[in-house]
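Inside the fold
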Amino acid sequence: RDEVRAQYMPIDRKKIAGLVPIVAECARNGDETAKQIFKEAGMMLAETTQRGIVLSECKEPIRILVTGGLVKSVDLWREAFDNKLKHMKQLRSKKI
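All of these numbers come straight from a predicted model, not from anything done at the bench.

**Quick word on the overall build of the chain**
When helices and strands are tallied, the chain shows four helices and zero strands. Starting at the N terminus and walking to the C terminus, you meet the elements of the chain as α-α-α-α. Over its C-alpha trace the chain gives a radius of gyration of 16 Å, far above what one expects of a compact globule, namely 12 Å for 96 residues. A buried classification covers 17% of the 96 residues belonging to the chain. Sequence-distant contacts in the chain: of pairs separated by 6 or more residues, those separated by 24 or more amount to 61%. For the chain, the computed accessible surface area is about 8100 Å², with 56% contributed by carbon and sulfur atoms.

**Quick look at the packing of helix α2 (residues 13-28) against helix α3 (residues 32-56)**
In contact at an axis separation of 7 Å, α2 and α3 are set at 115 degrees when each is read in the N-to-C sense. Note on packing geometry: the crossing formed by α2 with α3 is left-handed. Where α2 approaches α3, its residues V20, V23, A24, C26 and A27 are matched on the opposing element by A34, K35, I37 and F38. Classifying every residue of the contact of α2 with α3 gives eight nonpolar, no polar and one charged.

**What to know about the environment of R92**
For R92, the position within the fold is in helix α4 (residues 74-95). Classification of R92 as partly exposed rests on a relative accessible area of 38%.

**Structural notes on the packing of aromatic side chains**
This structure, assessed with the given rule, holds one aromatic pair. Note on W77 and F81: the rings are 5.7 Å apart at their centroids and 85 degrees apart in plane angle, and the pair reads as edge-to-face. Residue W77 and its partner F81 are located together in helix α4, separated by four residues, close to a single helical turn. W77 gets classed as buried once you look at its relative accessible area, which sits at 3%.

**Considering the side chain of Q50**
Along the chain, the position of Q50 falls in helix α3. With residues up to four places along the chain from it excluded, the contact list for Q50 reads L85, M88 and R92.

Conventions used here
- Residues numbered from 1 in each chain as written.
- Predicted model: local features only at pLDDT ≥ 70, side-chain atom pairs only at ≥ 80, totals over all residues.
- Heavy atoms only, no water.
- Helix = DSSP H or I, 4+ residues; strand = E, 2+ residues; numbered from the N terminus.
- Rg over C-alpha atoms; globule rule 2.2 N^0.38 Å.
- Buried < 20%, exposed > 50% of the residue type's maximum accessible area, 1.4 Å probe, protein only.
- Contact = heavy atoms within 4.5 Å.
- Areas by Shrake-Rupley, 256 points an atom, 1.4 Å probe, with all protein chains shown as cover.
- Axes fitted to C-alpha atoms, helices over the stretch in contact; angles between N-to-C directions.
- Left-handed = near helix turned anticlockwise from the far one by under 90°.
- Nonpolar A, V, L, I, M, F, W, Y, C, P; charged D, E, K, R; others polar.
- Phe/Tyr/Trp six-rings, centres within 6.5 Å; stacked < 30°, edge-to-face > 60°.

What follows is the structure, encoded as structure tokens:
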């Protein structure tokens, strides 16, 4: 643990991004902590996406394009992303 902290703190985005394939492999092999990391990432991405939609005042359906390293791990975060967006949409519908 101390070795990891020494190597990755303060946070360097490139170094953290380099960990993604390792964590993804762990998640695919059943590691619950790794799975949770991707679940939380999917939910956070959904929240960010929702904020962007609201700020743009977009009323039409939109397509969301995923690029870069996220594509390689979409199987690990997509369900959480979709569920969070659906949940936020339901909450918005109830407020109207």
